[in-house]
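Architecture at a glance
Residues per chain are reported as follows:
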Amino acid sequence: MTAAPPPTGPDEPGAAARIAAGYASDGPAVELGSVVVAGHPHPEAQVRLPLSMINRHGLIAGATGTGKTKTLQLIAEQLSAAGVPVVLADLKGDLAGLVRPGQPGDRITRRAADSGDPWSATGFPVEFLTLGDIGTGLPVRATITDFGPVLLSKVLDLNETQESSLGLVFHYADGAGLPLLDLKDLRAVLTWLTSDDGKADLKGLGGLSPATAGVILRELIALEDLGGDVFFGEPAWEPADLLRQAPDGRGVISAVELAAVQDRPALFSTFLMWLLAELFEELPEVGDLDRPKLVFFLDEAHLLFTGASKAFLEAVTQTVRLIRSKGVGVFFVTQNPTDVPSSVLGQLGNRVQHALRTFTPEDADALRKTVRTFPKSADYDLGDLLPALGTGEAAVTVLSERGAPTPVAWTMLRAPRSTMGAVDEQVRADVVAASPLQSKYGVAVDRESAYERLAARLAPPAPPAPRETPAPRPPGPPAPHRGRKAPQAETGGVVAAVLGSSAFRAFARSAASALGREISRGVFGTRRRRR
Ligand SMILES: Nc1ncnc2c1ncn2[C@@H]1O[C@H](COP(=O)(O)OP(=O)(O)O)[C@@H](O)[C@H]1O
Ligand SMILES: [Mg+2]
């Protein structure tokens with residue numbers, strides 16, 4: 001909060017009202033807070049983000065400790081209250097508090113009064129997810145076949161040549177109808193292609209040099225060594241499970257915990273991108289709605305973009321552009337707007353800019369660039385304002401219900417109504433145990449049956465006759481799915497066995513598909529599902 005504001009000028013309420021008029025809306029909106037003029041909050045002048053414009057995406061930026069995560073939290077709360085499901089990346093575990101009502105206190109009371117907020121402590125319906133089986137949450141898994149080559153290249157940090165080579169390897173496996181469950185399966189295909197027996201196939205692919213195949217192999221092994229394969233396997237996550245409402249009609253907030261994979265940030269952010277790509281492939285076109293179907297918050301978004309290939313950037317840009325008409329809003333959360341490539345930044349219609357630091361010449365440069373991305377303001381000098389914003393204050397501009405940028409508003413943000421910060425491990429564990437999705441995802445499928453399941457999912461769709469439902473698996477601790485059938489699994493399991501069989505060799509030469517149909521892939525190279 002700004003200390004010792006100057007005395008109120010006579011024209012301040014008028015200026016606040018004029019700015020707030022730009023935020024008037026008929027439909028439902030997320031209430032962000034109140035307009036601040038000359039350091040004084042004007043609780044009667046409200047700054048809001050219309051729900052109908054959330055699919056025009058957004059950016060929450062600002063230096064560390066300026067209030068980005070709390071802004072994310074209060075927006076997520078109101079979306080949930082409006083029945084909109086939310087997916088968010090919980091990098092430090094400090095969004096888990098969404099599940100518990102907040103703690104009243106002097107600072108909350110003061111902020112509620114300043115921001116014009118009838119605050120009352122409230123907890124929200126949260127589903128805790130984890131990547132693979134690290135941490136306390138429902139494990140989100142994908143198979144390598146589902147994940148595809150573009151995203152995997154990002155995780156492996158491949159250059160463009162290596163990336164296109166990996167694309168060829170997937171093309172080969174897809175065409176051969178070879179389901180790839182995890183990193184070992186992919187390794188088996190690469191090993192085969194670089195072996196004496198596989199040489200002919202390698203030649204047929206064109207463009208994949210044995211040297212490049214060798215580099216990719218080494219990167220795969222390195223990722224496995226770092227535990228990067230816990231995330232790959234079955235049961236694979238179904239994106240539709242992110243679009244849920246609690247029995248009381250509020251939107252479920254899926255919080256993906258990343259605390260345990262912080263040393264692999266590229267894996268984390270790429271995984272989130274995978275979820276988004278899956279949603280994109282899955283959801284129908286709906287045009288503009290009066291409220292979004294889902295809102296996605298990508299925290300620490302700079303991790304997504306550093307060192308990203310052209311193919312990856314193009315895929316992000318395209319997904320962000322096209323997912324809007326599927327009713328999904330995407331919010332990037334990062335320190336500096338300049339972390340986000342301009343092709344993406346230009347599509348983020350809603351902006352909450354917290355304080356920027358100006359310690360170094362680079363900072364000053366970033367500040368100037370940031371100011372230029374805002375609409376001209378008659379009320380504030382943004383170059384002065386942005387470094388001077390207090391904690392939990394921001395310069396806001398959003399799209400009005402008519403789709404025009406609102407006047408920049410110095411905003412005193414509301415306080416979240418749930419707990420700010422982490423919760424006890426036990427609270428988390430209880431929520432996870434009680435989840436309706438526990439029986440579906442709680443237990444990993446062992447390697448051999450996982451392979452069969454994946455093969456079945458890839459098979460041409462069955463006629464709409466009564467489907468056979470698999471017997472439910474008994475609840476219990478996750479099956480130790482690695483190393484159990486040691487000799488085979490270690491060398492690539494079923495894929496290695498298939499590749500080594502004489503039937504496969506004969507088949508590979510005939511270039512027909514074992515499953516009858518080649519796998520088709522979407523913008524991100526993720527597998528298209530069949531309906
Ligand atoms: N809207 C807000 N309401 C109340 N307190 C806030 C708000 N925004 C920030 N704060 C305070 O500032 C601290 C840092 O905010 P946080 O969102 O974690 O920063 P960031 O994510 O930018 O690093 C919080 O722990 C909280 O005490
Ligand atoms: Mg934060």
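For clarity, every value in this text was computed on a predicted model and none was experimentally measured. (Residues numbered from 1 in each chain as written. Chains lettered and ligands numbered in written order. Predicted model: local features only at pLDDT ≥ 70, side-chain atom pairs only at ≥ 80, totals over all residues.)

A short note on the overall build of the chain
Put simply, the rule is: Secondary structure elements are taken from DSSP: a helix is a run of H or I of four residues or more, a strand is a run of E of two residues or more, and numbering for both begins at the N terminus. Three exposure classes are used, based on other C-beta atoms lying within 10 Å of a residue's own C-beta, which is placed from the backbone: buried for 20 or more, exposed for 12 or fewer, and partly exposed in between. C-beta atoms are placed from the backbone for every residue, and two residues are taken to be in contact when these atoms lie within 7 Å.
When you go through the chain residue by residue, the secondary structure sums to 21 helices and 12 strands. Within the span of the chain, comprising 531 residues, buried residues form 49% of the whole. Sequence separation of at least 24 residues holds for 80% of the intrachain contacts in the chain that already meet a minimum separation of 6.

Overview of the site of ligand 1
Quick note on the threshold: We count a residue as near a molecule or strand when its backbone-placed C-beta atom lies within 6 Å of that partner. By the convention adopted, Pro, Cys, Tyr, Trp, Phe, Met, Ile, Leu, Val and Ala count as nonpolar, Lys, Arg, Asp and Glu as charged, and the other residues, Gly among them, as polar.
Residues in contact with ligand 1 amount to 14 residues; listed here are only the nearest, Gly67, Lys68, Thr69, Lys70 and Gly392. If you tally residues by element for the shell around ligand 1, the top one is helix 2 (residues 68-81), at three residues. Residue composition of the shell around ligand 1, grouped by class: three nonpolar, eight polar and three charged.

Some words on unusual backbone geometry
Residue Glu234 is joined to Pro235 through a cis peptide bond whose omega torsion reads 0°. Inspection of the secondary structure assignment puts Pro235 in the loop between helix 9 (210-225) and strand 7 (253-257). Look at His57: it is not a glycine, yet its phi comes out positive at around 65°. Tracing the backbone shows His57 in the loop between strand 2 (40-50) and strand 3 (58-61). The backbone of Asp157 shows a phi angle near 60°, a positive value even though the residue is not glycine. Mapped onto the elements, Asp157 comes out in the loop between helix 5 (149-156) and helix 6 (160-175). Note on Asp157: 15 C-beta atoms within 10 Å, which makes it partly exposed.

A look at the packing of helix 6 against helix 7 (residues 183-193)
Note the cut-off: All axes here are fitted lines through C-alpha atoms, helices being fitted over the stretch that makes contact, and every angle between N-to-C directions spans 0 to 180 degrees. Each angle is binned into one of four classes, with values under 35 degrees roughly parallel, values over 145 roughly antiparallel, values of 65 to 115 roughly perpendicular, and all other values oblique.
At a minimum axis distance of 11 Å, the contact between helix 6 and helix 7 shows a crossing angle of 100°. The orientation of helix 6 relative to helix 7 falls into the category roughly perpendicular. Between helix 6, through Val169, Tyr172 and Ala173, and helix 7, the contact on the second element is made entirely by Val189, Leu190 and Leu193. Looking at the contact of helix 6 with helix 7 residue by residue, the classes come out as six nonpolar, no polar and no charged.

Comments concerning the sheet that holds strand 3
Each strand in a sheet pairs with its neighbour through backbone hydrogen bonds, running either in the same direction (parallel) or in the opposite one (antiparallel). Counted only if it meets this: In short, DSSP must find at least two bridges between two strands for them to pair.
Strand order in this open sheet of 12 strands is 2-1-12-11-10-3-9-8-4-7-5-6, and the pairing throughout is mixed. Both outer strands of the open sheet, strand 2 and strand 6 (138-140), are each paired with one neighbouring strand and no more. Each adjacent strand pair in this sheet contributes to an overall mean axis angle of 30°, direction not counted. Two elements, strand 1 (residues 29-37) and strand 2, share eight bridges in a ladder whose sense is antiparallel. Residue pairing in the sheet places Glu31 in a bridge with Arg48 of strand 2.

Regarding the confidence of the model for the chain
Filter applied, for reference: Per-residue confidence from the prediction method is given by pLDDT, with values spanning 0 to 100.
Per-residue confidence for the chain averages 85 on the pLDDT scale, and 86% of its residues sit at or above 70. This model gives residues 465-490 a pLDDT under 50, and the stretch forms 25 contacts once residues within four places in sequence are excluded. Note that pLDDT drops below 50 for residues 509-516; the model gives that stretch 12 contacts with residues more than four away or on any other chain.

Digging into the environment of Arg324
Relative to the elements of secondary structure, Arg324 occurs in the loop between helix 12 (310-323) and strand 9 (328-334). You can call Arg324 buried: it has 20 C-beta atoms within 10 Å. Through-space distance from the C-alpha of Arg324 to that of Met53 is 9.7 Å; in sequence the pair is 271 residues apart. Residues within four places of Arg324 in sequence aside, it is in contact with Asn55 and Arg56.

Quick word on helix 2
Note the threshold: Expected helix span is taken as 1.5 Å per residue step, with the number of steps being one fewer than the number of residues.
Between the first and last C-alpha of helix 2 there are 20 Å, a value that for 14 residues agrees with the 20 Å anticipated at 1.5 Å per step. Of all 14 residues making up helix 2, 13 are buried, and the element is well covered by its neighbours. One or two steps after helix 2, the chain reaches Gly83, where phi turns positive at roughly 90°.

Some details on the nonpolar core
To keep it simple, the criterion reads: A set of buried Ala, Val, Leu, Ile, Met, Phe, Trp, Tyr and Cys residues, joined to one another through C-beta atoms within 7 Å, is what we call a nonpolar core. Start and end positions for the domains come from either an automated domain assignment or a database one.
If you look at the biggest cluster of nonpolar residues, it comprises 150 residues, and the most contacted ones within it are Val35, Leu88, Val189, Ala255, Phe297 and Leu298. It is helix 10 (residues 265-282) that contributes the most residues to this core, 11 residues altogether. Two domains share this core, each providing at least three of its residues, namely domain 1 (21-141 + 234-426) and domain 2 (143-232 + 487-525).

Thoughts on the packing of helix 7 against helix 9
Rules: Take the far helix as your reference; a near helix turned counterclockwise from it by less than a right angle gives a left-handed crossing, and one turned clockwise gives a right-handed crossing.
Look at helix 7 against helix 9: their axes get within 10 Å of each other, and the N-to-C directions meet at 160°. By the angle class used here, helix 7 and helix 9 are roughly antiparallel. Along this stretch, helix 7 crosses helix 9, giving a crossing that reads as left-handed. Counted together, Leu183, Leu186, Arg187, Leu190 and Leu193 of helix 7 and Ala213, Ile216, Leu217, Leu220, Leu223 and Glu224 of helix 9 form the full contact between these two elements.

A look at the pairing of strand 5 (residues 126-131)
Most of strand 5 sits out of view: six of its six residues are buried. Residues Val126, Phe128 and Thr130 of strand 5 are buried on one face, and the alternating residues Glu127, Leu129 and Leu131, pointing to the opposite face, are buried as well. With three bridges joining them, strand 5 and strand 6 adopt parallel strand pairing. Pairing of Leu129 across the sheet is with Leu138, part of strand 6.

With respect to the environment of Leu367
Its place among the elements puts Leu367 in helix 14 (residues 361-372). The spatial distance from the C-alpha of Leu367 to the C-alpha of Pro387 is 8.3 Å, given a sequence separation of 20 residues. Aside from chain neighbours lying at most four places away, what touches Leu367 is Leu356, Thr358, Gly383, Leu386 and Pro387.

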